[in-house]
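Residue-level structural notes
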Amino acid sequence: MTQTGPGSPEHGDTPPPGSGTGRSVADDEDLRESLADLSRLATARLDLRDLLTHVAGFAVRAIPGADGAGLTLLENDRADTIVASAEFVREVDAIQYGIGEGPCITAAAERRTVHSASLDKDPAWPRFGPQVGRLGVHSVVSLPLLAGDSVLGAMNVYARAENAFDPRAVELGELFAVPAAISVQNAQALAQAQRLAAQLQSALTHRASIDQALGILMSRSGCTPAEAFDRLRVMSQTQNRKASVVAQQLLDEAVARARARHSAD
Amino acid sequence: MDLSGTLAADLTTLTEALGRPAADLTDSVQNLADSMRSAVPSWLGLTMTIVLDGLPLALTILDDSAAPHRVATSAALPLTSDQGTGPGSTIVFYAGTPGAFVDFAADLTFALSLELDDVALDQHLTPPRETSGLSGLTDAAGLNQAIGILIDRGRTQDEATAELCRLTQVDLTTTAKQIIRSTSRQPRPGAA
């Protein structure tokens, strides 16, 4: 495993983008296009997984030598959302998270870029490396997605060939990871706000049924709301069913009676 | 951020109403707060208003008791029907650094396919509460209990809601309270 990043020897040896050869000019163009795609990404009204999958696809284009990429988002320090640009990336990441060892886990845990030119011989991941080597995947660059002091997750870029990523590819990956992290961060916050709104809406709808059932019990017995709730709780325990289920049944029966009365009139 | 006391109890009550073991509203609030703090370092809080059957329920989360007095900027946007929320549902974010939401709001505008005017910057600089909490839950409970009483008296849900509106002389929640008061301690003969 090789460490890179500001201050590392490899980082210092890397020529700056746009400094010379035809290949580097083409690489810079790929990076520019990928960054432009990243900035347009939001216009498509994507959900979080779609957005992450697009980011992974752009990363493959931005980083020379890449055959596939995956993104992992952390929530409560656990891998929560995992997406991949290609099926072989899904297989590799399934192994990584299955055994709890691999470059993405290292990059996120240690907040630094890691890469390997020969995974099956890399001592950093003695179980992960040989398994993915047998799948024909030999090179990886893993980039942490950083937002201030926190780690949002990590981006894994894989290649089948050995020595696929030179220092310049790693640097381009690091350049790409900065705006990618911002897009991912905003999308994650928006997705969480939407999830909370949906949960609140659903909870209020269910709670409305419970309160209507309490009203039915109050109407029948003249009790207070608190006494009605106690009755509902006793019914729930006696019937060994959730209070919300008992409430819905009470409500359904009362509504059915009301409708039947209307039909008879 | 204080998620204890009455707010914790309300979130627990609503989580129980959800009836889904994997969903915990307290966790969802905490995760959103963590993400917002990371996306906008001077983030101070938010108010999410969900409108159900015309009644608003507002969840306000504030970083601390001093947060309302440090709000320097806000970003408000509508919650769309994609989330299953009713018309008028909104979310307002608060932060302490002027301009903190400019880039964030631009991203949200694009992500939700909103018009630029749909995201209101700096229009809500005073949170509706001084501390974190839920507003409107009691009113919603009273309204639904009154609807339940009317259902038991032979109305369908739509008729019960319509009758509440017809009976309304002050406002819907006051009428609901009057119906509940008139029912309490008056059991119907032969009632279960």
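Scoring rules and cut-offs
- Residues numbered from 1 in each chain as written.
- Chains lettered and ligands numbered in written order.
- Predicted model: local features only at pLDDT ≥ 70, side-chain atom pairs only at ≥ 80, totals over all residues.
- Heavy atoms only, no water.
- Helix = DSSP H or I, 4+ residues; strand = E, 2+ residues; numbered from the N terminus.
- Buried < 20%, exposed > 50% of the residue type's maximum accessible area, 1.4 Å probe, protein only.
- Contact = heavy atoms within 4.5 Å.
- Areas by Shrake-Rupley, 256 points an atom, 1.4 Å probe, with all protein chains shown as cover.
- Axes fitted to C-alpha atoms, helices over the stretch in contact; angles between N-to-C directions.
- Parallel < 35°, antiparallel > 145°, perpendicular 65-115°, else oblique.
- Expected span 1.5 Å × (residues − 1).
- Bend = angle between axes of the 7 residues up to and from the residue.
- pLDDT = per-residue confidence, 0-100.
- Pairing = 2+ DSSP bridges.
- Salt bridge = Lys/Arg side-chain N within 4 Å of Asp/Glu carboxyl O.
- Buried area = accessible area lost by both parts, 1.4 Å probe.
- Polar contact = N/O pair within 3.5 Å; in protein donor to acceptor, adjacent residues only side chain to side chain.
- Phe/Tyr/Trp six-rings, centres within 6.5 Å; stacked < 30°, edge-to-face > 60°.

This paragraph deals with the overall build of chain B. Helix and strand counts for chain B stand at seven helices and six strands. For chain B, the N- to C-terminal ordering of α and β elements is α-α-β-β-α-β-β-α-β-β-α-α-α. Burial status across chain B gives 50% buried among its 192 residues. For chain B, restricting intrachain contacts to residue pairs at least 6 apart in sequence, the fraction spanning at least 24 positions comes to 64%. Roughly 8,900 Å² of accessible area belongs to chain B as shown, and the carbon and sulfur atoms make up 52% of that amount.

This paragraph deals with the packing of helix H8 (residues 225–239) of chain A against helix H9 (residues 243–264) of chain A. Residue and element names in this part refer to chain A. Close contact between H8 and H9 brings their axes to 9 Å; oriented N to C, the two are set at 105 degrees. Relative to H9, the element H8 is oriented roughly perpendicular. Contacts from Leu-232, Met-235, Ser-236 and Gln-239 in H8 reach Ala-243, Val-246, Ala-247, Gln-249 and Leu-250 in H9.

A few words now on helix H4 (residues 87–99) of chain A. The α-helix winds at 3.6 residues per turn, so residues separated by three or four positions along the chain end up facing the same way. For H4(A), which comprises 13 residues, the first-to-last C-alpha distance of 19 Å matches the rise-based estimate of 18 Å (1.5 Å per residue) to within 8%. Phi turns positive, to about 70 degrees, at A:Gly100, one or two residues after H4(A).

Residue and element names in this part refer to chain A. Compared with the 81 Å implied by 1.5 Å per residue over 55 residues, the 78 Å span of helix H7 (residues 167–221) between its first and last C-alpha is a close match. Largest kink in H7: about 25 degrees, centred on Ala-177, with the proline Pro-179 one to four residues after it. Burial analysis of H7 places 45 of its 55 residues in the buried class, the great majority of the element.

A few words on the confidence of the model for chain B. For chain B, per-residue confidence averages 82 on the pLDDT scale, and residues scoring 70 or more make up 86% of the total. For chain B, the element scoring lowest by mean pLDDT is helix H7 (residues 172–183) of chain B, at 71; strand E4 (residues 90–95) of chain B scores highest, at 94.

A regular strand places its side chains on the two faces of the sheet in alternate fashion. Residue and element names in this part refer to chain A. Judged by how many residues are buried, strand E5 (residues 139–147) sits mostly within the fold: eight of nine residues are covered. Here strand E4 (residues 113–116) runs beside E5; their pairing, made up of three bridges, is antiparallel. Paired with Val-114 across the bridge in E5 is Ser-142. The sheet contact formed by E5 and strand E6 (residues 150–159) spans nine bridges and is antiparallel.

One pass over the full model with this rule turns up 10 salt bridges over all chains. In this structure, A:Arg127 engages A:Glu101 in a salt bridge whose closest nitrogen and oxygen atoms are separated by 3.6 Å. Here A:Arg127 is found in the loop between E4 and helix H6 (128–134), whereas its partner A:Glu101 is found in the loop between H4 and helix H5 (103–110), with 26 residues between them in sequence. For A:Glu101, a relative accessible area of 14% gives the class buried. Across the salt bridge formed by A:Arg220 and B:Asp152, the nearest N and O atoms sit 3.0 Å from each other. Placement of the pair is A:Arg220 in helix H7 and B:Asp152 in helix H5 (residues 137–152), with the two residues belonging to separate chains. For B:Asp152, a relative accessible area of 7% translates into the label buried. Within this structure, B:Asp34, B:Arg37 and B:Asp63 form a network of salt bridges that share partners.

Opposite the 52 residues of chain A that make contact, chain B presents 61 residues. Summing the contributions of chain A and of chain B, the shared interface buries around 5,100 Å²; its carbon and sulfur component is 59%. At the junction of chain A and chain B, the tally comes to one salt bridge. Our enumeration of links across chain A and chain B arrives at nine residue pairs in polar contact (both at pLDDT 80 or more). Elements supplying a minimum of two residues to the side of chain A that touches chain B: H7, H8 and H9 of chain A. At 31 residues, H7(A) tops the list of elements feeding residues into the side of chain A that touches chain B.

This part takes up the packing of aromatic side chains. Residues and elements named next belong to chain B. What the rule picks out here adds up to three aromatic pairs over all chains. Between Phe-93 and Phe-101, the ring centres sit 6.2 Å apart and the planes meet at 45 degrees, which makes this aromatic pair tilted. Under the relative-accessibility criterion, Phe-101 is labelled buried at 0%. Considering the side-chain rings of Phe-93 and Phe-104, the 5.5 Å spacing of their centres and the 90 degrees angle between planes classify their relative orientation as edge-to-face. Here Phe-104 lies in helix H4 (residues 102–111) and Phe-93 lies in strand E4, a separation of 11 residues in the sequence.

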